[in-house]
Amino acid sequence: MEKKLDPQHLDMVSFARDAISLKGEGHLADWLRLADERYGDVLPAGPVVWHLQGRSVPQPDGVDQIWLDLKASVNLPMQCQRCLSPVLETVEAERSFRFVADEATAAAMDDEAEEDILVISRDFDALALVEDELILSLPLVPLHEVCPETVPMSAVDPEFEVAAERPNPFGVLAGLKTGTSK
């Protein structure tokens with residue numbers, strides 16, 4: 001009988017050593033921090049789709065490197081920063097993580113390593129990592145390619161222009177000025 005793996009409680013050593021692959025999808029409501037980024041209820045959010053792949057990379061010293069490859073995506077309603085109406089953004093994350101033995105090793109390698117370094121765990125919550133990566137992949141400025149409504153692109157106020165055309169009340173005082181005083 002095959003053991004069912006829980007992506008919220010992975011033994012990363014065996015997951016990588018056995019090159020296990022997990023995938024799934026869930027409702028946005030189950031991802032509370034990500035769901036907080038949702039704007040309005042007009043556009044439906046898509047499911048959070050994720051794929052995890054463990055891998056072990058042999059090293060000359062005999063100690064294999066433990067890796068996790070992550071891919072995730074969601075269609076998330078956000079607020080267009082141009083017209084302020086809802087826009088459906090496709091948010092995608094794709095990253096690889098290398099696992100090391102402890103925090104000290106991770107801290108020492110973090111500055112020099114190109115890849116992301118995490119501390120190995122026998123009870124690793126990969127779904128929390130999926131959510132973190134999707135949040136980090138959110139667009140800084142969500143925008144429609146073409147907004148559904150025409151957005152005024154100038155800040156001209158017609159009343160301001162009318163006020164500028166009125167005579168200056170202090171202009172009368174300038175006319176009263178006669179000669180120079182000594």
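Our structure's up above, just so we're on the same page.
Residues numbered from 1 in each chain as written. Predicted model: local features only at pLDDT ≥ 70, side-chain atom pairs only at ≥ 80, totals over all residues. Heavy atoms only, no water.

A. Structural view of the packing of aromatic side chains. Enumeration according to the criterion identifies one aromatic pair in this entry. A centroid spacing of 5.2 Å and a plane angle of 90° characterise the contact between Phe99 and Phe124, whose relative ring orientation is edge-to-face. Taken as a pair, Phe99 in strand S4 (residues 86-100) and Phe124 in the loop between strand S5 (116-119) and helix H4 (126-136) lie far apart in primary sequence, 25 residues in all. There is no split in this pair, since Phe99 and Phe124 are both buried. (Phe/Tyr/Trp six-rings, centres within 6.5 Å; stacked < 30°, edge-to-face > 60°. Helix = DSSP H or I, 4+ residues; strand = E, 2+ residues; numbered from the N terminus. Buried < 20%, exposed > 50% of the residue type's maximum accessible area, 1.4 Å probe, protein only.)

B. Structural detail: the nonpolar core. Core analysis: the biggest nonpolar cluster contains 29 residues, and Leu34, Leu52 and Leu134 have the highest contact counts within it. When residues of this core are traced back to their parent elements, those giving at least two are helix H1 (12-17), strand S2 (48-57), strand S3 (65-79), S4 and H4. Looking at this core, the element that brings in the most residues is S3, giving seven residues. Beyond its immediate stretch of four places on either side in the chain, Leu52 contacts Pro7, Leu10, Phe15, Ile20, Ser21, Leu22, Leu68, Asp69, Leu70, Ala126 and Val130. Val100, Ala106, Met109 and Ile117 belong to the second largest nonpolar core, which has five residues in total. (Core = buried A, V, L, I, M, F, W, Y, C linked by side-chain atoms within 4.5 Å. Contact = heavy atoms within 4.5 Å.)

C. Structural view of the pattern of salt bridges. All chains considered together, the criterion is met by nine salt bridges. Note that Arg33 is salt-bridged to Asp132, the shortest N-O span being 2.7 Å. With Arg33 in helix H2 (residues 32-35) and Asp132 in helix H4, this pair connects stretches of sequence that are 99 residues apart. Across the pair Arg55 and Asp69 runs a salt bridge whose closest N-O atoms are separated by 2.7 Å. Of this pair, Arg55 sits in strand S2 while Asp69 sits in strand S3; the two residues are 14 residues apart in sequence, bridging distant segments of the chain. Residue classification places Arg55 among the partly exposed residues on the basis of a relative accessible area of 29%. (Salt bridge = Lys/Arg side-chain N within 4 Å of Asp/Glu carboxyl O.)

D. Region of the structure containing H4. Within H4 the residues assigned to the buried category are Ala126, Leu127, Leu129, Val130, Glu131, Glu133 and Leu134. Residues of H4 that are buried sit in contact with H2, S2, S3, S4 and S5. If you check the start of H4, you find a side-chain oxygen 3.2 Å away from the backbone N of Leu127, and it comes from Asp125. (Polar contact = N/O pair within 3.5 Å; in protein donor to acceptor, adjacent residues only side chain to side chain.)

E. Seen up close, the state of the cysteines. According to the stated counting rule, one finds zero disulfides in the structure shown. With no disulfide partner, Cys80 has as its closest neighbouring cysteine sulfur the one in Cys83, 3.7 Å distant. For Cys80, a relative accessible area of 0% corresponds to the buried category. Residue Cys83 stays outside any disulfide, its sulfur separated by 3.7 Å from that of Cys147, the closest cysteine. Judged by relative accessible area, Cys83 falls into the buried class, the value being 15%. (Disulfide = S-S within 2.5 Å.)

F. Structural context of the pairing of S3. Among the 15 residues that make up S3, 11 are buried, leaving the element largely enclosed by the rest of the structure. Judged from the nine bridges that link them, S2 and S3 form a sheet pairing that is antiparallel. Bridged to His51 within S3 is Lys71. As paired elements, S3 and S4 share 14 bridges and run antiparallel to each other. Along S4, the bridge assignment pairs Leu76 with Glu89. (Pairing = 2+ DSSP bridges.)

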